[in-house]
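Here is how the chains run, residue by residue.
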Amino acid sequence: MTGGDGAAPLRRTGPAQRATFLELFFDLVYVFALTRISFRAFEDLALEPGGTTGWSPVTGGVKTLLLLLALWAVWQGTAWTTSRYDPHHGWLQFVVITALVGSMVMGVAIPRAFTSTGLAFAVAYVVTQVSRPGLLLLALGSHEYRRLKLRMLITFGATGVLWLTGAFLSPTPRGLLWALALVVEYLAARFGWPVPGLGRSRASRWDVAGEHLAERYQQFFLVALGETILVGGLAYSTGPFDPARTSAFAVALVTTVLLWRIYVQRAGQVLAEAVVRSRHPSDTGRSAADTHLAMVVGLVGTAIGYELTIEHPLTSPEAAWVVLVVGGPVLFLLARARFEYEVFGRVSPSRWLAAVLLVVLFPLLLHVVPLVSATVAALVLGGVATADARRARGHPPEPATPPL
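Here the structure is a predicted model, which means the values were calculated and not measured. (Residues numbered from 1 in each chain as written. Predicted model: local features only at pLDDT ≥ 70, side-chain atom pairs only at ≥ 80, totals over all residues. Heavy atoms only, no water.)

### Looking at the overall build of the protein chain
Step number 1: A count of helical and extended segments in the protein chain gives 13 helices and zero strands.
Step number 2: Along the protein chain, helices and strands appear, N-terminal first, in the series α-α-α-α-α-α-α-α-α-α-α-α-α.
Step number 3: A globule of 404 residues ought to have a C-alpha radius of gyration of about 22 Å, and the protein chain, at 22 Å, matches this closely.
Step number 4: Each of the three principal axes of the protein chain carries a C-alpha extent, and together these read 65 × 60 × 35 Å.
Step number 5: Counting the 404 residues in the protein chain, one finds 54% classified as buried.
Step number 6: Long-range pairs, those at least 24 residues apart, make up 81% of the contacts in the protein chain between residues at least 6 apart in sequence.
Step number 7: Roughly 16,900 Å² of accessible area belongs to the protein chain as shown, and the carbon and sulfur atoms make up 69% of that amount.
Step number 8: Here the protein chain holds 32 positive side-chain charges and 24 negative ones, and the gap between their average locations is 7 Å. (Helix = DSSP H or I, 4+ residues; strand = E, 2+ residues; numbered from the N terminus. Rg over C-alpha atoms; globule rule 2.2 N^0.38 Å. Buried < 20%, exposed > 50% of the residue type's maximum accessible area, 1.4 Å probe, protein only. Contact = heavy atoms within 4.5 Å. Areas by Shrake-Rupley, 256 points an atom, 1.4 Å probe, with all protein chains shown as cover. Lys, Arg positive; Asp, Glu negative; His and termini not counted. Charge placed at Lys NZ, Arg CZ, Asp CG, Glu CD.)

Written out as structure tokens, the structure is:
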């Protein structure tokens, strides 16, 4: 750990500070953790010997989403912490290492989190979430931010009871308690961590390194994009390498490239500029956090769709399969439209028109094989990427004009 351990771990002013190697190392854990999310969903959706999935879109999908939201809560809390405080400080490095270990344990536990490994998942989550404000409470000494960390510690301590209690219950009540805990935590973060007698704070008053925070969200998007490549590659590498599976793998690769292209053109390139130019960088950062969460959920859904398509390219599809193959790109496009508004204060019609087109085509795609559905989704995404390229051709790079 680096020096400066004796002083409060506040960020130093000056030039933009990039993510540390430890933060990037922390991100690598999420490549693994997101593949476990996809693995769990694929197991629910994979064909059983009788020819049906046996999957309930409500229970299976909600449980998988709940685990993804828990992973995101840990990652986002760590990213905001390193954007508000000095990530080179010893206390902060210990916070990141604790989050790294906790996220790894959560990732390992994800496939059976609602059966045999629920306690491991819950303990890892609670320890990670409680230790972060607890360690900072000690590190900040008498600094004014200490009051915020106390409120966060109380909140996570209270919700931790729900997480740990749920781990000893059967799957359905476990899911209900964990969902309640997440709702409380997300609402507490949204409203400034209110605690009776201790008040609350406004995000607009929080000092954050805007460029660092923007870079962290860009990096997590790349992690999620990398997960789509990994899932598709692993599914195809098991063979056989027949024309149908090879075509499905090729469509998956093309779709990943298109998703990257749509993200970076151009809002993804200038997010940091938008956060810095905003009158309230913390508010812009929080809004971008919600948008990136939606885009990541869309990417994870798309990755699961890849795997289903590669494994069953010419099989008569289940409705849940088409929801993922088409719904993943739809959610990504809608979130990307909001992202464009956050950066430029407007939305290109191509994004929401493409999303509407995929929704309109959904009933028809229920009657075609998954390879056709995946190809249609890729063609629609290709249309959006082409529209972006045509709009940008011959014009200077558009500067960020955030509306917040």
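### Some thoughts on the pattern of salt bridges
Step number 1: Per the counting criterion, the structure on display carries 13 salt bridges.
Step number 2: A salt bridge links Glu23 to Arg216; its shortest N-O distance comes to 3.4 Å. With Glu23 in helix α1 (residues 21–45) and Arg216 in helix α7 (residues 210–237), this residue pair connects regions lying 193 residues apart in the sequence.
Step number 3: A residue is classified by how much of its surface remains accessible, and Glu23, at 2% relative accessible area, is buried.
Step number 4: Residue Arg346 pairs with Glu398 through a salt bridge whose shortest N-O separation is 2.3 Å. A residue pair is termed long-range when its members are at least 10 positions apart, and Arg346 in the loop between α11 (319–344) and α12 (349–365) and Glu398 in the segment after α13 (370–392) qualify at 52 residues.
Step number 5: In this structure Arg346 comes out as partly exposed when scored by relative accessible area, which is 27%. (Salt bridge = Lys/Arg side-chain N within 4 Å of Asp/Glu carboxyl O.)

### Side note on the packing of aromatic side chains
The description of two aromatic rings rests on the distance between their centres and on the angle between their planes.
Step number 1: The full count for this structure, using the stated rule, is 19 aromatic pairs.
Step number 2: Pairing Tyr30 with Phe220 gives two aromatic rings, centres 5.7 Å apart and planes at 65 degrees, and the pair type is edge-to-face. One end of the pair, Tyr30, is in helix α1; the other, Phe220, is in helix α7, with 190 residues separating them in the sequence. Phe220 matches Tyr30 in its accessibility class, with the two residues each being buried.
Step number 3: Of the aromatic side chains, those joined through ring pairs into one cluster are Phe26, Tyr30, Trp72, Trp75, Tyr217 and Phe220.
Step number 4: The ring of Phe39 is capped by Arg36, whose NZ or CZ atom sits 4.8 Å from the centre of that ring.
Step number 5: Here the basic side chain of Arg84 rests over the ring of Tyr145, its NZ or CZ set 4.5 Å away from the ring centre. (Phe/Tyr/Trp six-rings, centres within 6.5 Å; stacked < 30°, edge-to-face > 60°. Lys NZ or Arg CZ within 6 Å of the ring centre and 35° of its normal.)

### Here's the deal with the nonpolar core
Step number 1: In terms of nonpolar packing, the biggest core is built from 99 residues, with Phe121, Trp163 and Trp178 touching the most fellow members.
Step number 2: With 13 residues, α11 is the largest single contributor of residues to this core.
Step number 3: If we skip the residues at most four places from it in the chain, Phe121 touches Leu67, Ala70, Met106, Ala109, Ile110, Ala113, Trp163 and Trp178. (Core = buried A, V, L, I, M, F, W, Y, C linked by side-chain atoms within 4.5 Å.)

### As for the packing of helix α8 (residues 243–264) against α13
Step number 1: Direction vectors running N to C along α8 and α13 enclose 30 degrees, while the axes themselves pass 9 Å from each other. Regarding the angle of α8 to α13, the classification is roughly parallel. Here the hand of the crossing between α8 and α13 comes out left-handed. Residues Ala244, Ser247, Ala248, Val251, Thr255, Leu258, Leu259, Arg261 and Ile262 of α8 lie in contact with α13, whose contacting residues are Leu371, Ala374, Thr375, Ala378, Leu381, Gly382, Val384, Ala385 and Asp388.
Step number 2: Its residues placed into classes, the contact of α8 with α13 shows 12 nonpolar, four polar and two charged. (Axes fitted to C-alpha atoms, helices over the stretch in contact; angles between N-to-C directions. Parallel < 35°, antiparallel > 145°, perpendicular 65-115°, else oblique. Left-handed = near helix turned anticlockwise from the far one by under 90°. Nonpolar A, V, L, I, M, F, W, Y, C, P; charged D, E, K, R; others polar.)

### As for the environment of Leu198
Step number 1: Tracing the backbone shows Leu198 in the loop between α6 (171–190) and α7.
Step number 2: Each C-alpha atom, one on Leu198 and one on Leu148, is 8.8 Å from the other, the two residues being 50 residues apart in sequence.
Step number 3: Excluding anything up to four places from it in sequence, Leu198 contacts Arg147, Leu150, Arg151 and Ile154.

### Quick word on the side chain of Thr228
Step number 1: Position of Thr228 relative to the elements: it lies in helix α7.
Step number 2: Beyond its immediate chain neighbours, meaning those up to four positions away, Thr228 contacts Thr256, Leu299, Ala303 and Tyr306.

### As for the environment of Ser247
Step number 1: Here Ser247 is to be found in helix α8.
Step number 2: C-alpha of Ser247 to C-alpha of Thr309: the two residues are 62 residues apart in sequence and 9.7 Å apart in space.
Step number 3: Side-chain polar atoms of Ser247 contact the backbone oxygen of Pro243, separated by 2.8 Å. (Polar contact = N/O pair within 3.5 Å; in protein donor to acceptor, adjacent residues only side chain to side chain.)

### Some thoughts on empty space enclosed by the protein
In this approach, a probe sized like a water molecule rolls over the atoms, and the result shows the empty space that is left.
Step number 1: Overall, the coordinates contain two cavities of 30 Å³ or more when judged by the stated rule.
Step number 2: If you add up the space inside the largest cavity, you get close to 120 Å³.
Step number 3: In terms of lining, the largest cavity is formed by 15 residues, of which the most central are Thr255, Thr302, Tyr306, Val325 and Ala374.
Step number 4: The leading source of residues in the lining of the largest cavity is helix α10 (residues 281–311), at five residues. (1 Å grid on protein atoms, 1.4 Å probe; cavity = no way out; pocket = protein on both sides within 12 Å on 5 of 7 lines; lining within 4 Å. Points joined across faces, edges and corners; volume = space filled by probe spheres on them.)

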